[in-house]
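Survey of secondary and tertiary structure
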Amino acid sequence: MKTKLLTIALFGFASLQGQEAKNTIKTNVAGYVFRNFNLSYERAINKTFAINVGFGTMPKGSVPMLKSFIGDDADQEIRDIEVSSTSFTIEPRIYLGKKYNSGFYFAPYYRYTKINVGNFVYEFSYDRDDNSERNIAMNMSGDITANSFGLMIGSQWILGRNQNWVIDWWIGGGHYGSSKGNISGLSNTPLDAEDQAIINDNLNGYDVPIIDYKAEVNSSGARVKINGPWAGLRSGVSLGYRF
């Protein structure tokens with residue numbers, strides 16, 4: 001009886017060992033360069049198909065690498081802008097490799113993004129009808145949300161003695177969708193009718209390509225409503241563990 005039980009136990013253990021791990025936790029290490037802390041979970045459905053769900057967050061701070069693009073000569077209000085963001089991605093994957101969930105893959109995906117913008121100071125000066133000079137400043141902040149769909153291609157390797165370690169190379173991907181948002185600010189001084197008319201014309205007079213926006217001004221400040229397309233690129237290298 002004991003021999004039979006031992007045989008059954010060993011057979012079951014061998015069967016489990018032969019099964020492929022179906023769960024993988026990964027993080028895109030390239031994202032940390034841009035202050036993006038992220039984690040993803042991949043669940044294998046079968047040898048060639050899996051679902052990957054990812055979450056990323058960037059705590060509030062300066063725009064990553066902004067100074068590298070605009071230099072130190074840019075306006076102070078641009079250089080001092082602060083942003084934070086969160087994103088959620090759901091990504092079905094189709095693998096073409098010979099091993100379980102490995103090799104080259106392509107992945108259509110959906111992504112939700114929310115960005116908070118703060119510490120943007122809008123400054124405006126003009127000569128009033130009575131020839132006095134008027135100086136107005138507003139500290140602008142608000143949120144922009146976007147929904148987009150895209151496609152990514154990549155390659156995944158399963159490594160280690162027990163085939164538990166994963167390298168996932170996001171070769172490249174892109175997404176496109178729509179966005180909307182509200183950016184508002186309080187004036188450092190109450191705005192009378194003349195102030196409101198001048199600032200309204202100024203804010204609505206910018207020629208911004210692609211994006212639709214409308215500014216509304218009242219005695220306390222201004223609010224800008226944003227609607228328009230949204231696009232982004234994805235690339236990176238993730239390290240993970242299978243279990």
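One structure accompanies this document, and this report is about it. Keep in mind that what you see is a predicted model, and the values were worked out from it rather than measured. (Residues numbered from 1 in each chain as written. Predicted model: local features only at pLDDT ≥ 70, side-chain atom pairs only at ≥ 80, totals over all residues. Heavy atoms only, no water.)

This part covers the pattern of salt bridges. Using the criterion set out here, one finds 12 salt bridges in the structure. A salt bridge links Glu 194 to Arg 128; the shortest N-O distance between them is 3.4 Å. Taken as a pair, Glu 194 in helix α4 (residues 193-203) and Arg 128 in the loop between β5 (103-127) and β6 (133-159) lie far apart in primary sequence, 66 residues in all. Each member of the salt-bridge network shares a partner with another, and the members are Lys 26, Glu 42, Glu 91, Arg 93, Asp 168 and Arg 234. (Salt bridge = Lys/Arg side-chain N within 4 Å of Asp/Glu carboxyl O. Helix = DSSP H or I, 4+ residues; strand = E, 2+ residues; numbered from the N terminus.)

The next subject is α4. When α4 is considered as a whole, its buried residues turn out to be Asp 195, Ile 199 and Leu 203. Down the axis, α4 shows its buried residues gathered within 50° of arc, on one side only. Opposite the packed face of α4, turned more than 90 degrees from it, sit the exposed residues Ala 193 and Asp 201. Turning to α4, the residues buried within the fold contact β5, β6, β8 (212-217) and β9 (221-242). One side-chain oxygen of the residue at the start of α4 lies 3.2 Å from the amide nitrogen of Glu 194, identifying that residue as Asp 192. (Buried < 20%, exposed > 50% of the residue type's maximum accessible area, 1.4 Å probe, protein only. Arc of directions from axis to C-beta. Contact = heavy atoms within 4.5 Å. Polar contact = N/O pair within 3.5 Å; in protein donor to acceptor, adjacent residues only side chain to side chain.)

Taken as a whole and judged by the stated rule, the model has 6 aromatic pairs. Ring centres of Tyr 122 and Phe 124 lie 6.3 Å apart, and the angle between their planes is 5°; on these two criteria the pair is classed as stacked. Note on accessibility: Tyr 122 and Phe 124 belong to one class, buried. Summarising the aromatic geometry, the rings of Trp 165 and Tyr 241 are spaced 5.0 Å apart at their centres and angled 65° between planes, so their arrangement reads as edge-to-face. Taken as a pair, Trp 165 in strand β7 (residues 165-187) and Tyr 241 in strand β9 lie far apart in primary sequence, 76 residues in all. Residue class for Trp 165 comes out exposed when judged on its relative accessible area of 51%. Taken together, the ring pairs connect Tyr 122, Phe 124 and Tyr 126 into an aromatic cluster. Above the ring of Tyr 109, the side-chain terminus of Arg 234 is found at 4.5 Å from the ring centroid. Here Arg 234 stacks its cationic end above the ring of Trp 170, 4.6 Å away from the centre of that ring. (Phe/Tyr/Trp six-rings, centres within 6.5 Å; stacked < 30°, edge-to-face > 60°. Lys NZ or Arg CZ within 6 Å of the ring centre and 35° of its normal.)

Let us look at the side chain of Asn 23. Along the chain, Asn 23 falls in strand β1 (residues 23-28). Take Asn 23: its relative accessible area is 14%, and that puts it in the buried class. Separated by 3.0 Å, the side chains of Asn 23 and Arg 43 make a polar contact. What Asn 23 contacts, discounting residues up to four positions off in sequence, is Tyr 41, Glu 42, Arg 43, Tyr 241, Arg 242 and Phe 243.

Note that all results are geometric; they support no functional claim without further evidence.
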